[in-house]
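What follows is the residue order along each chain.
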Amino acid sequence: MTTMAERTHTTSGAPEPASGTQTLSLGKAINEGLRAAMRRDDKVMLMGEDIGPLGGVFRVTDGLQAEFGEQRVVDTPLAESGIVGTAIGLAMRGYRPVCEIQFDGFVFPAFNQITTQLSKIHNRTRGAVQMPVVIRIPYGGGIGGVEHHGESPEALFAHTAGLRVVSPSNPQDAYTMIQEAIASPDPVLFFEPKSRYWGKGAVDLEAPVGTDTLNAATVVRQGTDVTLVAYGPSVATAVKTAEALAEEGRSAEVLDLRAISPLDMAAVVASVRKTGRCVVIHEAPVFFGAGAEIAARVTEECFYALEAPVLRVGGFHTPYPVAKHEHEYLPSVDRVLDAVDRAFAH
Amino acid sequence: MTTTNGSNEAIPTLQLLDPQGNRVTTRGSKGYRDRAAALTTEDLRGMYRDMVLTRRFDDEATSLQRQGELALFAPARGQEAAQVGSAYALRPQDYVFPSYREHGVLQVRGVDPVDRLRFFRGSDHGGWNPTEHNAAVYTIVIGAHALHATGYAMGVQRDGTPHDKHDGTAVITYFGDGATSQGDVNEAMVYAAVNDAPVVFFLQNNQWAISEPTTRQTKVPLYRRGEAFGLPSLRVDGNDVLAVYAATQEALERARAGGGPSFIEAFTYRMGAHTTSDDPTRYRTSEQEEQWRRRDPIDRLAALLRAEGALDEDFEAEIKATGDALSAKLRTGVRALDGGPVVPSMFDDVYATPHGTVAAERAWYEAYDAGEPPAPQYAIADSAQGGAR
């Protein structure tokens, strides 16, 4: 009988490592990033519901159990607190668990483990015990889902010290960020924009894996008249808005935060000092959302550079609406344009 | 022995030592009696010493709280046999996940007694390095750590640790009767069961979850919760250190040998208050307390030792001297504990790697604390227009 350890390392018949630059969907880019991380470090393991033979409901873990075995790609019982709670114990034993929460609205049974345990154990033990746990959460709307399948709960986690909260907006970042999240000794909430899973882009599969994407925002598009701050699914909306503004002769700079904890305020402030206007876009409710924090800090740091108040475009203080109404709730190009118009009216 | 749980139903309970300290035989207890019989006189004296010292620790900590030196304390009085007996069955490579009242377990595990009070002093959220003792720090959210124990045990499985009743590795998690109602404890048993994880669920049923009796938690004897998840489950007299030791040793050996998880209900009593902030007179009778005082676990082991000629004046004097030294150490050590300087203490170890928000707030606080002009909150080279705080 083979031992578990032997089975853990079974990789016979595995495909050759991917290399070079390929055109991949965002979901496939995460899949390749997971594969690369698992090949690099045999302590990396995946845990979640339906992530094995099924490959996850979005197929992000497709083929990984076949390559790495049941001990490293674990179909868990249907209990999210258990997924995160046992991941904590595995991390204490030296593993690097990557948990999949099936949908945004299902993270709440694990909320206690994430906010009272995962986020605090490193601090509670004065650095003696690290928590290299990644929690992947497909989030955001736009796919016509039922209740709890379109929400954006990221601010709830950014409000908790000890957690890193990130969200990729494009396939290349998705590929790099998932690997940097797994390599991080800190717990990372990895929010995957489900409406962008199928969007394709070029991915350099040999791109270096460092720590930049967990800490630094990136300028997606240069501009001079207004800064559009976004992350995750809203970056594409911001870029489309900038294109529309360009036709009107207005030059928008688009900043992709990538992380909301930490918040790369240096990048935001540098851009807003240049443009004098700032509009923050996210799918989450604006009320107590990431945009509120950004607006407050921009006001503090850029007061004399501002031509207009910082404005926010995002979800309303309502439950995430029924699918028939979700496109009225989500920040659309039209609503961002409206906010930009208001900023210019000052 | 059988006891009843507020009903007429007799509940099988393993007992090897009756309340008068006599070794007793009950049906099905032979294997356990053999395990207890393997304990030497020195082992029994060691257990007794640790139980007495655990109570001494309790008394001293309670006094320190009354003197304002601790913010809070949760005494373990009455549960010394459950804690010390189970901890004696552990081997160094095993890993402990306590709740927050397992002072006797940590006594046996060798965690410094002053470190065990850092949390209650308000100078630390933990107090010791878990990796030095294979013992996690206290977890205050009830039952949350049961999942950590199961996960840790799943890691042991993946390490390819040998399946051997001595050289394998087992995990034990301690929790109370109230915690059995928590989802996390139940999820932990689900995960442990389907994974055959080497973890022992050690319930100290001390009858009270602060003010709520076990009738507010369950309709069935709690050991049957373990059975329902497919775990070998046993109720033991939690004030009988021999029964606790034997049952825990059996469960740990099963876990180390690859036999999967087990559940033990140690039926005991919280003789003291829930914490120093609690007032048990509001919810339980002195008759009940008196009934359990007659079942004191320390008296019971003392009676056995005396009957077996192992508790003489010299040994009692030695324990007394050790206890006095412990008290003195606690009085001095606890008063010397503070939280350390705010910087770096408060800002350190929030993250393992640099986090811009924490770094900026730390820098701001340092400037503020030093009476310097407040620095811009963000490290921005060009602060000519910004930073107008």
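Residues numbered from 1 in each chain as written. Chains lettered and ligands numbered in written order. Predicted model: local features only at pLDDT ≥ 70, side-chain atom pairs only at ≥ 80, totals over all residues.

Engineer: Which parts of the structure should I look at to understand the overall build of chain A?
Structural biologist: Per the secondary structure count, chain A includes 14 helices and 14 strands. Relative to its length of 346 residues, chain A is compact, with a C-alpha radius of gyration of 20 Å against a globular reference of 20 Å. The C-alpha extent of chain A, read off along each of the three principal axes, is 75 × 45 × 40 Å. Every one of the 346 residues in chain A was classed for burial, and the buried ones make up 59%. Taking the contacts inside chain A whose residues are at least 6 apart along the sequence as the reference set, 80% of them involve residues at least 24 apart. (Helix = DSSP H or I, 4+ residues; strand = E, 2+ residues; numbered from the N terminus. Rg over C-alpha atoms; globule rule 2.2 N^0.38 Å. Buried ≥ 20, exposed ≤ 12 C-beta atoms within 10 Å, placed from the backbone. Contact = placed C-beta atoms within 7 Å.)

Engineer: Hey, could you run me through the overall build of chain B in this one?
Structural biologist: Counting its secondary structure elements, chain B contains 15 helices and nine strands. Against the 2.2 N^0.38 benchmark of 21 Å for 389 residues, chain B shows a C-alpha radius of gyration of 23 Å, consistent with a compact globule. By principal-axis analysis of the C-alpha atoms, chain B measures approximately 85 × 50 × 40 Å. In chain B, which comprises 389 residues, the share counted as buried stands at 48%. Once local pairs closer than 6 in sequence are excluded, the contacts in chain B between residues at least 24 apart make up 73%.

Engineer: Help me out: how do you make sense of the interface of chain A and chain B in this one?
Structural biologist: Quoted interface sizes are often the accessible area lost when the parts come together. With 52 residues of chain A at the contact, the number on the chain B side is 42 residues. Breaking the side of chain A that touches chain B down by element, the ones donating at least two residues are helix H1 (4-8), helix H4 (80-92), helix H5 (111-118), helix H6 (121-124) and helix H11 (265-275) of chain A. Here the side of chain A that touches chain B is built from residues that sort into 22 nonpolar, 23 polar and seven charged. (Nonpolar A, V, L, I, M, F, W, Y, C, P; charged D, E, K, R; others polar.)

Engineer: Help me understand the pairing of strand S7 (residues 188-193) of chain A in this model?
Structural biologist: Where a strand is regular, its side chains alternate between the two sheet faces. Residues and elements named next belong to chain A. Of all six residues making up S7, six are buried, and the element is well covered by its neighbours. Covered by surrounding structure in S7 are Val188, Phe190 and Glu192 together with Leu189, Phe191 and Pro193, the residues of both alternating faces. Pairing of strand S5 (residues 134-139) with S7 involves six bridges; the strand directions are parallel. Bridge pairing in S7 places Val134 opposite Val188. Here strand S6 (residues 164-166) runs beside S7; their pairing, made up of three bridges, is parallel. Counterpart to Val166 in the pairing with S7 is Phe190. As a crossover connection, the stretch from S6 through helix H8 (residues 171-183) into S7 is right-handed. (Pairing = 2+ DSSP bridges. Right-handed = clockwise from strand over helix to strand, strands pointing away.)

Engineer: How should the nonpolar core be read in this particular structure?
Structural biologist: Side chains of a nonpolar character, in soluble globular proteins, are inclined to be buried together. Formed by 196 residues in total, the largest nonpolar core has its most connected members in Leu228(A) and Val279(A). For this core, the leading source of residues is helix H10 (residues 241-256) of chain B, giving 10 residues. With residues near it in sequence (within four places) discarded, Val279(A) still touches Val226(A), Leu228(A), Leu311(A), Val313(A), Val336(A), Ala339(A), Val340(A) and Ala343(A). (Core = buried A, V, L, I, M, F, W, Y, C linked by C-beta atoms within 7 Å.)

Engineer: What is the right way to read the domain arrangement of chain A from this model?
Structural biologist: Residues and elements named next belong to chain A. Assigned domains of chain A: these are domain 1 (23-212) and domain 2 (218-345). The gap between the C-alpha centroids of domain 1 and domain 2 is 26 Å. Those elements giving two or more residues to the side of domain 1 that touches domain 2 turn out to be helix H7 (154-158), S6, H8 and S7. Counted by class, the side of domain 1 that touches domain 2 contains nine nonpolar, 10 polar and five charged residues. (Domains from an automatic or database assignment.)

Engineer: Please clarify how the pairing of S5(A) should be interpreted in this entry.
Structural biologist: Residue and element names in this part refer to chain A. Counting buried residues in S5 gives six out of six residues, a clear majority hidden from the surface. Looking at chain direction, strand S4 (residues 96-100) and S5 are connected through three bridges and run parallel. Note that in S5 the partner of Val98 across the bridge is Val134.

Engineer: Got a minute to help me understand H5(A) in this structure?
Structural biologist: Working note: α-helix, 3.6 residues per turn, so residues spaced by three or four point in the same direction. Looking at H5(A), one finds that the buried residues are Gln113(A), Ile114(A), Gln117(A) and Leu118(A). The buried side chains of H5(A) occupy one side of the element, clustering within an arc of 115° when seen end-on. Lining the buried residues of H5(A) we find H4, H6, S5 and H7 of chain A together with helix H7 (144-158) of chain B. (Arc of directions from axis to C-beta.)

Engineer: Teacher, can you tell me more about the environment of Gly356(B) here?
Structural biologist: Relative to the assigned elements, Gly356(B) resides in helix H15 (residues 356-369). What Gly356(B) contacts, discounting residues up to four positions off in sequence, is Asn215(A), Pro262(A) and Asp264(A).

Engineer: Sorry, what's going on with the environment of Thr357(B) here?
Structural biologist: With respect to the secondary-structure elements, Thr357(B) resides in helix H15. With residues up to four places along the chain from it excluded, the contact list for Thr357(B) reads Ser261(A), Pro262(A) and Leu263(A).

Engineer: Before we go on, may I ask you to explain the sheet that holds S6(A) in this structure?
Structural biologist: Paired through their backbone hydrogen bonds, the strands of a sheet run either parallel or antiparallel. Residues and elements named next belong to chain A. Overall, mixed pairing links the seven strands, which are arranged S3-S2-S4-S5-S7-S6-S12 in an open sheet. Only two strands of the sheet have a single partner each, and these edge strands are strand S3 (73-75) and strand S12 (259-261). Across this sheet, the average inter-strand angle for adjacent strands is 20°, counted without regard to direction. (Axes fitted to C-alpha atoms, helices over the stretch in contact; angles between N-to-C directions.)

Engineer: Where do I start with unusual backbone geometry in this structure?
Structural biologist: Cis geometry marks the peptide bond from Ser261(A) to Pro262(A); its omega dihedral reads 0°. Note that Pro262(A) resides in the loop between S12 and H11. Of note, the amide linkage connecting Val343(B) to Pro344(B) takes the cis form, showing an omega dihedral of 10°. Looking at the element boundaries, Pro344(B) is found in helix H14 (residues 342-345). A positive phi angle, close to 70°, is found at His148(A), a residue other than glycine. Structurally, the position occupied by His148(A) is in the loop between S5 and H7. C-beta crowding within 10 Å serves as the criterion here: with 15 such atoms nearby, His148(A) is assigned to the partly exposed category.

Engineer: I'm lost on the packing of H4(A) against helix H8 (residues 183-195) of chain B in this one. Help?
Structural biologist: Two packed helices can be described by the angle between their axes and the distance between those axes. Running from amino to carboxyl end, H4(A) crosses H8(B) at an angle of 75°, the nearest separation of the two axes being 9 Å. Overall, the two elements H4(A) and H8(B) adopt an arrangement that is roughly perpendicular. Across the interface between the two elements, Ser81(A), Gly82(A), Gly85(A) and Thr86(A) from H4(A) touch Gly183(B), Asp184(B), Glu187(B), Val190(B) and Tyr191(B) from H8(B). For the contact of H4(A) with H8(B), a count of residues per class yields two nonpolar, five polar and two charged. (Parallel < 35°, antiparallel > 145°, perpendicular 65-115°, else oblique.)

Engineer: For this particular structure, what's the right way to read the confidence of the model for chain B?
Structural biologist: Interpretation of the predicted coordinates at a detailed level should be avoided for regions scoring low in pLDDT. All names here are of chain B. Residue-level pLDDT values for chain B average 93, and 94% of them are 70 or greater. Ignoring residues within four places in sequence, the model shows residues 1-8, a span with pLDDT below 50, making 17 contacts including any to other chains. Considering only residues more than four positions removed or in separate chains, one finds that residues 379-389, a stretch of pLDDT under 50, has 18 contacts. Prediction confidence for the complex, expressed as pTM and ipTM, is 0.94 and 0.94 respectively. (pLDDT = per-residue confidence, 0-100.)

Engineer: Is there a simple way to explain helix H14 (residues 333-345) of chain A in this structure?
Structural biologist: Residues and elements named next belong to chain A. Here H14 is 13 residues long and its end C-alpha atoms lie 18 Å apart, about the 18 Å a rise of 1.5 Å per residue gives. Three or more residues of H14 are buried, namely Val336, Ala339, Val340 and Ala343. Looking straight down H14, one finds its buried side chains confined to an arc of 100°; they lie on one side. Structural note: H14 exposes Asp334, Asp341 and Ala345 on the side pointing more than 90 degrees away from its buried face. Residues of H14 that are buried sit in contact with strand S10 (226-230), helix H10 (234-247), strand S13 (278-285) and strand S14 (311-315). (Expected span 1.5 Å × (residues − 1).)

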